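A closer look at the structure
Listed below, chain by chain, are the residues.
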Amino acid sequence: MGHSAPQRSTPEERCCGRLAVVERDKLNGPAARIKRIHAVDLPRGAAPEGALTVLPKRLVHDVLPDLRATKGWTQEKLEGFAVAGNGRVFAVTDNDGLDDSTGETVFLDLGSRRGMFGRD
């Protein structure tokens, strides 16, 4: 069986999709430290046999400054985010509605999808 020369490709050629991941700590108020959105480019095709490859994540938005800018209590849970039909990215917190909660839920406009994730 012959071998061919390795083919070089750009990340866009190797990537078939992108996964967005919310990273958060379990802290609220002034102790809160981590409320971030990362992107992970997903490779084309099946995973290779053997050991799994750890895919690198890329920080696309640190939401903590946005939460603090509201001048309210910084919620523990950055619960999720969505890209609207007009390309705007929105994030929401969850206060769990517990007795020790302020009862606030924060809904943030984080900007454009292209500004956050780059390409379409």
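An account of the accompanying structure is given in this report.

Brief notes about the nonpolar core
Ranked by size, the top nonpolar core spans 13 residues in total, and within it I37, V60, V63, L108, L110, M116 and F117 carry the most contacts. When near neighbours in sequence (up to four residues on either side) are disregarded, L108 contacts V63, D66, L67, T70, V89, F90 and A91.

Some thoughts on the side chain of H38
In this structure, H38 sits in strand β2 (residues 35-43). Side-chain polar atoms of H38 contact the side chain of E23, separated by 2.6 Å. When residues no more than four places from it in sequence are discounted, the contact partners of H38 are L19, A20, V21, E23, K57, R58, L59 and V60.

So, unusual backbone geometry
Of note in this structure, K71 is not a glycine but carries a positive phi near 65°. Residue position: K71 is located in the loop between α2 (64-69) and β4 (77-83).

Here's the deal with the sheet that holds strand β5 (residues 88-94)
Spatially, three strands are ordered β4-β5-β6 in an open sheet, and the strand pairing comes out antiparallel. Two strands close off the open sheet at either side, each with one partner strand: β4 and β6 (107-112). In this sheet, neighbouring strand axes are inclined to one another by 25° on average, regardless of whether the strands run parallel or antiparallel. Here β5 pairs with β6 via five bridges, running antiparallel. Opposite V89, over in β6, you have G111 as the bridge partner.

So, the pattern of salt bridges
This model, assessed by the stated rule, comprises seven salt bridges. With a shortest N-O distance of 2.9 Å, D41 and R18 are connected by a salt bridge. Taken together, the residues span a long stretch of sequence, with D41 in strand β2 and R18 in strand β1 (residues 15-24) at a distance of 23 residues. Close ionic contact of R24 with E79 constitutes a salt bridge, the shortest N to O distance being 3.5 Å. Of this pair, R24 sits in strand β1 while E79 sits in strand β4, placing them 55 residues apart in sequence.

Details of the packing of aromatic side chains
If you walk through the whole model with that rule in mind, you get two aromatic pairs. For the pair F81 and F117, a centre-to-centre distance of 6.5 Å together with 25° between the ring planes defines the contact as stacked. Placement of the pair is F81 in strand β4 and F117 in helix α3 (residues 113-117), with a sequence separation of 36 residues. Given a relative accessible area of 24%, F81 falls into the partly exposed group. Assessed through its relative accessible area of 10%, F117 is described here as buried. Taken together, a centroid distance of 5.3 Å and an interplanar angle of 10° make the contact between F90 and F107 stacked.

The rules behind these values
Residues numbered from 1 in each chain as written. Predicted model: local features only at pLDDT ≥ 70, side-chain atom pairs only at ≥ 80, totals over all residues. Heavy atoms only, no water. Core = buried A, V, L, I, M, F, W, Y, C linked by side-chain atoms within 4.5 Å. Buried < 20%, exposed > 50% of the residue type's maximum accessible area, 1.4 Å probe, protein only. Contact = heavy atoms within 4.5 Å. Helix = DSSP H or I, 4+ residues; strand = E, 2+ residues; numbered from the N terminus. Polar contact = N/O pair within 3.5 Å; in protein donor to acceptor, adjacent residues only side chain to side chain. Pairing = 2+ DSSP bridges. Axes fitted to C-alpha atoms, helices over the stretch in contact; angles between N-to-C directions. Salt bridge = Lys/Arg side-chain N within 4 Å of Asp/Glu carboxyl O. Phe/Tyr/Trp six-rings, centres within 6.5 Å; stacked < 30°, edge-to-face > 60°.

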